[in-house]
Amino acid sequence: SDIVPFYGANQAGIATPAQDRLAFAAFDVTSGSAQAFQVMLGTWAAAAAQMTKGLPVGAVDNNPQSPPIDTGEADGLSAAGLTITVGFGPSLFDHRFGLAGKRPAALADLPTLPGDGSLQPARSGGDLCVQACADDPTVAFHVIRNFARLARGTAVIRWSQLGFGRTSSTSDSQQTERNLMGFKDGTRNIKAEAADDLRDHVWVGSETDQAWMTGGSYLVARRIRMLIESWDTDYLSDQENVFGRFKTSGAPLTGKSEFDTPDLAAKHTDGTPVIPLNAHIRLAGPETNNNQKILRRGYSYTDGIDSATGLLDAGLFFLAYQKDPRRQFVPIQTRLGHQDNLNEYIRHTGSALFAVPPGVSAAGDWWGKSLF
Ligand code: HEM
């Protein structure tokens, strides 16, 4: 069956094998009422339980004299592996809802990082996020549209992003997909089958200062534009040195097949490292980062052309889950932002951080219910 259970200890959409399509939105809460906000979250949870079973949020033909309860475009489609994952941004923990004392230390605002010069405020931040993933684009978009509708009067969409062609495999059962640079992406990712990695690097455990986050995770979202036209004029061997991997096979430059372990110490006869010092996998890998890993779950995007230059606005909508961004995303991106060979070909244009609470347990529960 293509139904992924909605209720559970952890939210689905993190360790779930990555689906083909993404619809993502950040929301801002416009109502000052903590009660209205909770009612909205409860309504969203009830709607999510329906949609993840492939059902409408309510009848389409309920009453000719009122708008249909469900918008209808997913009627007749299957659940398509739909997962709906909700997170809370740092701004939610300001004075508005009395939550300042509940803000986890790990939800510290991301510091200004090298390479942040092109970030656009209109594509960054947000009080809440909703990540809808499915194997059908209509099923994924249907979630964002109906959540926005159910939120009317309480929250509004701040920015949104559609994605296609998952750029990370998150299960051993999946073949590794390619990103828009043509390279296999997700080879050394944390996989759903790696229980130790999930425990050590993804799920918040007893180390947290906020018990309500136990079983949750932290999401960093970065919209990363690729300068595709420039990339496409680069020689194959240069492209391979940017990542430290062969383009076709995905093998490390020190290996033969995709899953061979990169040998960071290997040298050419002239003494230069086979995997260059500024190669993406050397700088991002656990060997260089105090054994820290992240679970990447990003998607490719294309948003037409950049009207200023006529070039494609396309790239990677990077999504990464982790236990503590202060130990994981921030140091890794600090290293990448300073040294990565990839920087010549990418621009970070959006950034957001969210605390993703544990799963919704059953009907009547909602995300962060214990916060209030
Ligand atoms: C690995 C592409 C941005 C973290 C890789 C690989 C590719 C890739 C092709 C090798 C295959 C694999 O193991 O998955 C890209 C592209 C990016 C990008 C095209 C931007 C457009 C980032 C960012 C981070 C990151 C912003 C984190 C701050 C990692 C990590 C690995 C990796 C942790 C695994 C390294 C290893 O253990 O060998 N990336 N990446 N990447 N990337 Fe990226």
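Numbers given for residues are sequential positions, taken from 1 along each chain in its written order. Reporting in this predicted model follows two pLDDT cut-offs: at least 70 for local features of residues, and 80 or more for side-chain atom pairs to be given and counted; totals over whole chains, interfaces and linings ignore these cut-offs and use all residues. Side-chain calculation: all heavy atoms of the structure are included, whereas hydrogens and water are not.

Moving on, we come to the packing of helix α1 (residues 34-51) against helix α2 (residues 137-150). The interhelical angle for the contact between α1 and α2, taken along N-to-C directions, is 150°, at an axis separation of 10 Å. Compared by their axis directions, α1 and α2 come out roughly antiparallel. Relative to α2, α1 is oriented so that their crossing is right-handed. In this structure, α1 contributes Met 40, Thr 43, Trp 44, Ala 47, Ala 48 and Met 51 to the contact, and α2 contributes His 142, Val 143, Phe 147 and Leu 150. Here, axes are lines fitted to C-alpha atoms. For helices the fit covers the stretch in contact, and angles between N-to-C directions go from 0 to 180 degrees. Secondary structure elements are taken from DSSP: a helix is a run of H or I of four residues or more, a strand is a run of E of two residues or more, and numbering for both begins at the N terminus. An angle below 35 degrees is treated as roughly parallel, one above 145 as roughly antiparallel, one from 65 to 115 as roughly perpendicular, and anything else as oblique. Left-handed is the label given to a crossing in which the near helix is rotated counterclockwise from the far helix by less than a right angle, and right-handed is the label when the rotation is clockwise. By the convention used here, residues are in contact when the closest approach between their heavy atoms is within 4.5 Å.

For an α-helix, 3.6 residues make a turn, and residues three or four places apart therefore share a direction. Taking 1.5 Å as the rise per residue, α2 with 14 residues should run 20 Å; its terminal C-alpha atoms sit 20 Å apart, in good agreement. Residues Val 139, Ala 140, His 142, Val 143, Ile 144, Asn 146 and Phe 147 constitute the buried set of α2. On the buried face of α2, the contacting elements are β1 (21-29), α1, β2 (83-88), β3 (128-134) and β4 (155-166). Each helix should span, by expectation, one fewer than its residue count multiplied by 1.5 Å. A 1.4 Å probe rolled over the protein chains alone gives each residue an accessible area, and that area as a share of the maximum for its type sets the label: buried under 20%, exposed over 50%, partly exposed in between.

Here we take up the packing of aromatic side chains. The rule is short: rings of Phe, Tyr and Trp, with Trp giving its six-membered ring, pair when the centres are within 6.5 Å, and they are stacked under 30 degrees, edge-to-face over 60, tilted in between. This model, assessed by the stated rule, comprises 17 aromatic pairs. Each ring, one from Phe 24 and one from Trp 159, has its centre 5.6 Å from the other, and the planes form 20°; the classification is stacked. Of this pair, Phe 24 sits in strand β1 while Trp 159 sits in strand β4, and the two are 135 residues apart along the sequence. Of the residues examined, Phe 24 reaches a relative accessible area of 1% and is grouped as buried. Assessed through its relative accessible area of 7%, Trp 159 is described here as buried. Ring geometry for Trp 231 against Phe 243: centres 5.9 Å apart, planes inclined by 70°, an arrangement best described as edge-to-face.

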